[in-house]
Amino acid sequence: MDPSLDNLYATSLSPQAIKKGLNTRRLGQQPIYCFPVVESTNSEAKRLARQGAPEGTIVLAESQTKGRGRLKRLWVSPPGKGLYLSVILRPPIPPQLGPRITLTAGVALAEALQDTGLTPKLKWPNDVMLGRRKVGGVLTEASCSENAISFVVVGVGINVNTDLEDFPTSIRNLATSVRLSTGKAISRVGLLQTCLYQLEQWYECLCQGSFATILESWRRHEMTLGRWVEVSLPESSVAGVAEDIDSHGALLVRDKGGRLHRILVGDVVHCRVQDRQGLPAS
Ligand code: BTN
């Protein structure tokens, strides 16, 4: 690749550059905080949200020292290569519908990445995949009272111009980036603006109560349903066919005995057909 493009696309993320040409009404029209390095943009965003930061506030970092994924995993955040951001939302929905937000953000990211010519797939609940490798993820963290959400921080990590050597060897065969998949570096500012635009569109849909429309789009992008999956739960595990998603965003898995399990939090492994012990191949 032309090294001068490297410089262009590694240009630091500034509020001015991001706001210029940003086609949103709320997201990013509030303060945008850009840090060279933080532990985790989600932690910074939660701190700001507790201090009353308005909906649409964005926290970005060039790199994170303790970027978090779901289930206490680390999100590798090399400087200048990816998008690591958190968006503060104050959705008018009850806490029990919170899981819808992760699926909504996943749809927004899939549509934004699709604009770069890729065909991303969504693995329930929060993984954005290119083939069998992960390119992005969503970490949603909420603060709730008994019957209302006070705020939600939607954390988004996307490997944009990340090189293979930027990933630790342990995940090199599991991770990818936009650049590794297309052979081309792209502008992080441009991709960020598209992500914010898509997130706003789909978030409005969520706030209007149109989760069915979001689910319809999620189904167009998903790669989990109809597969044999193994799900690790906090204290047990479930294996079966991922049958559907319910109106809360929970995954419905039917085990060999025909029992339907409703899963709200879990680590899903997609199995190959030959892993479906005892079941006829499909
Ligand atoms: C996952 O795939 O499990 C979710 C990854 C989310 C990573 C992003 S990077 C920006 C934000 N800050 C964090 O600490 N995590 C999220």
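Residues numbered from 1 in each chain as written. Predicted model: local features only at pLDDT ≥ 70, side-chain atom pairs only at ≥ 80, totals over all residues. Heavy atoms only, no water.

Enquirer: Quick rundown of the sheet that holds strand β7 (residues 149-159)? Include the residues and the values.
Expert: A sheet is described by the order of its strands in space; here seven strands give the open sequence β1-β2-β3-β7-β6-β5-β4, paired in mixed fashion. With partners counted over all chains shown, the strands left at the sheet margins are β1 (32-38) and β4 (121-123), one partner each. For this sheet, the mean angle separating the axes of adjacent strands, direction not counted, is 20°. One ladder, built from three bridges, connects β4 with strand β5 (residues 127-130); its direction is antiparallel. Among the inter-strand pairings, Lys 123 is bridged to a residue of β5, identified as Asp 127. Against the sheet, helix α4 (residues 99-114) engages β4, β5, β6 (133-144) and β7, with an angle of about 145° to β6. (Pairing = 2+ DSSP bridges. Helix = DSSP H or I, 4+ residues; strand = E, 2+ residues; numbered from the N terminus. Axes fitted to C-alpha atoms, helices over the stretch in contact; angles between N-to-C directions. Contact = heavy atoms within 4.5 Å.)

Enquirer: Outline the layout of surface pockets, supporting the account with residue identities and numerical values.
Expert: Approximately 1000 Å³ is the volume found for the largest pocket. In this structure, the largest pocket is lined by 43 residues; those nearest its centre are Arg 73, Asp 127, Met 129, Lys 134 and Leu 174. Contributions of two or more residues to the lining of the largest pocket are made by α3 (41-50), β3 (82-89), β5, β6, β7 and β12 (267-270). It is β6 that contributes the most residues to the lining of the largest pocket, five residues altogether. In terms of residue class, the lining of the largest pocket is built from 17 nonpolar, 14 polar and twelve charged. Each of two domains, domain 1 (3-221) and domain 2 (228-270), supplies a minimum of three residues to the lining of the largest pocket. Taken together, 17 residues line the second largest pocket, and the ones lying closest to its centre are Arg 70, Thr 102, Thr 140, Leu 264 and Val 265. Looking at the lining of the second largest pocket, the elements with two or more residues in it are α4 and β6. Sort the elements by how many residues they give to the lining of the second largest pocket and β6 lands first, with five residues. Counting contributing residues per domain, the lining of the second largest pocket is built from domain 1 (3-221) and domain 2 (228-270), each supplying no fewer than three. (1 Å grid on protein atoms, 1.4 Å probe; cavity = no way out; pocket = protein on both sides within 12 Å on 5 of 7 lines; lining within 4 Å. Points joined across faces, edges and corners; volume = space filled by probe spheres on them. Nonpolar A, V, L, I, M, F, W, Y, C, P; charged D, E, K, R; others polar. Domains from an automatic or database assignment.)

Enquirer: Can you explain the pattern of salt bridges? Please cite residues and give values.
Expert: Think of it this way: side chains of opposite charge can pair up when their charged atoms draw near. For the coordinates displayed, the defined rule picks out 16 salt bridges. For the salt bridge of Arg 219 with Asp 244, the shortest nitrogen-to-oxygen distance reads 2.7 Å. In this pair, Arg 219 sits in helix α7 (residues 211-221) while Asp 244 sits in strand β9 (residues 237-245), placing the two residues 25 residues apart along the sequence. Here the salt bridges share partners, and the residues they tie into one network are Lys 81, Asp 163, Asp 166 and Arg 179. (Salt bridge = Lys/Arg side-chain N within 4 Å of Asp/Glu carboxyl O.)

Enquirer: Give a detailed account of empty space enclosed by the protein, specifying residues and quantitative values.
Expert: Counted under the stated rule, the structure contains one cavity of 30 Å³ or more. The calculated volume of the largest cavity comes to roughly 50 Å³. Forming the walls of the largest cavity are Leu 85, Ala 108, Leu 109, Val 156, Leu 192, Cys 195, Leu 196 and Leu 199. Taken together, the elements giving at least two residues each to the lining of the largest cavity come down to α4 and α6 (188-207). Residue contributions to the lining of the largest cavity peak at four residues, all from α6. Partitioned by chemical class, the residues of the lining of the largest cavity number eight nonpolar, no polar and no charged.

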